[in-house]
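Coordinates in review
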Amino acid sequence: MAEILSDDEISENAPAEWQQDGDEIVRVYEFEEYLDGVAFVTEVAEIADEEFHHPEIQVRFDEVEVRLTSHEAGGVTDQDIEMAGRFDDVR
Ligand SMILES: C[C@H](O)[C@H](O)[C@H]1CNC2=NC(N)=NC(=O)C2=N1
């Protein structure tokens, strides 16, 4: 099972726009158009499905909040850090 990262490791390795929130990392992406946010979610979901590692996603009218954690490990792992970077590349 993947190792849980320490707060310092998360801070050092998470992409710049991501914040730690307890045992998750979170980023809010802003969009001018609601449907652009929905299209972003579709691309994120395809990556998540491909990697079998699923974020929690909240879609609002002008932003999308994405939360990552490794449920089985019980915290943030390297996989969450890697997924965060891949989601940023979609943006
Ligand atoms: C049974 C378990 O849900 C699966 O092995 C996968 C599915 N997607 C997952 N997604 C996330 N974020 N963490 C997991 O531990 C995880 N596990």
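Up top you'll find the structure we're talking about.
This is a predicted model, so every value here is computed, not measured.

Right, let's get into the site of the ligand. Close to the ligand lie F52, H53, H54, T69, S70, H71 and E72, which account for all nearby residues. At 3.4 Å, a backbone N or O of F52 approaches a nitrogen atom of the ligand. Note that a nitrogen atom of the ligand is positioned 2.7 Å from one of the side-chain N or O atoms of H54. Burial of the ligand by the surrounding chains reaches 68%, relative to a free accessible area of 390 Å². Among the residues making up the shell around the ligand, the classes are represented as one nonpolar, five polar and one charged.

With that settled, consider the environment of V66. In this structure, V66 sits in strand 4 (residues 63-68). For the pair V66 and E56, spaced ten residues apart in the sequence, the C-alpha separation amounts to 5.8 Å. Discounting residues that sit within four places of it in the chain, V66 has contacts with W18, I25, V26, R27, Y29, F40, P55, E56 and F87.

Evaluation of the coordinates by the stated rule reveals eight salt bridges. D21 is the salt-bridge partner of R67, the closest N and O atoms lying 2.9 Å from each other. Of this pair, R67 sits in strand 4 while D21 sits in strand 1 (residues 19-21), and the two are 46 residues apart along the sequence. Look at R67 and you get buried, because its relative accessible area is 15%. Given the relative accessible area of 38%, D21 is considered partly exposed.

Let us look at the pairing of strand 3 (residues 56-59). Inspection of the sheet shows strand 3 paired to strand 4 by four bridges, in the antiparallel sense. Each bridged residue has a counterpart across the sheet, and for V59 the counterpart in strand 4 is V64. As consecutive antiparallel partners, strand 3 and strand 4 are separated by three residues.

Procedures and definitions
- Residues numbered from 1 in each chain as written.
- Predicted model: local features only at pLDDT ≥ 70, side-chain atom pairs only at ≥ 80, totals over all residues.
- Heavy atoms only, no water.
- Near = heavy atom within 4 Å.
- Polar contact = N/O pair within 3.5 Å; in protein donor to acceptor, adjacent residues only side chain to side chain.
- Areas by Shrake-Rupley, 256 points an atom, 1.4 Å probe, with all protein chains shown as cover.
- Nonpolar A, V, L, I, M, F, W, Y, C, P; charged D, E, K, R; others polar.
- Helix = DSSP H or I, 4+ residues; strand = E, 2+ residues; numbered from the N terminus.
- Contact = heavy atoms within 4.5 Å.
- Salt bridge = Lys/Arg side-chain N within 4 Å of Asp/Glu carboxyl O.
- Buried < 20%, exposed > 50% of the residue type's maximum accessible area, 1.4 Å probe, protein only.
- Pairing = 2+ DSSP bridges.

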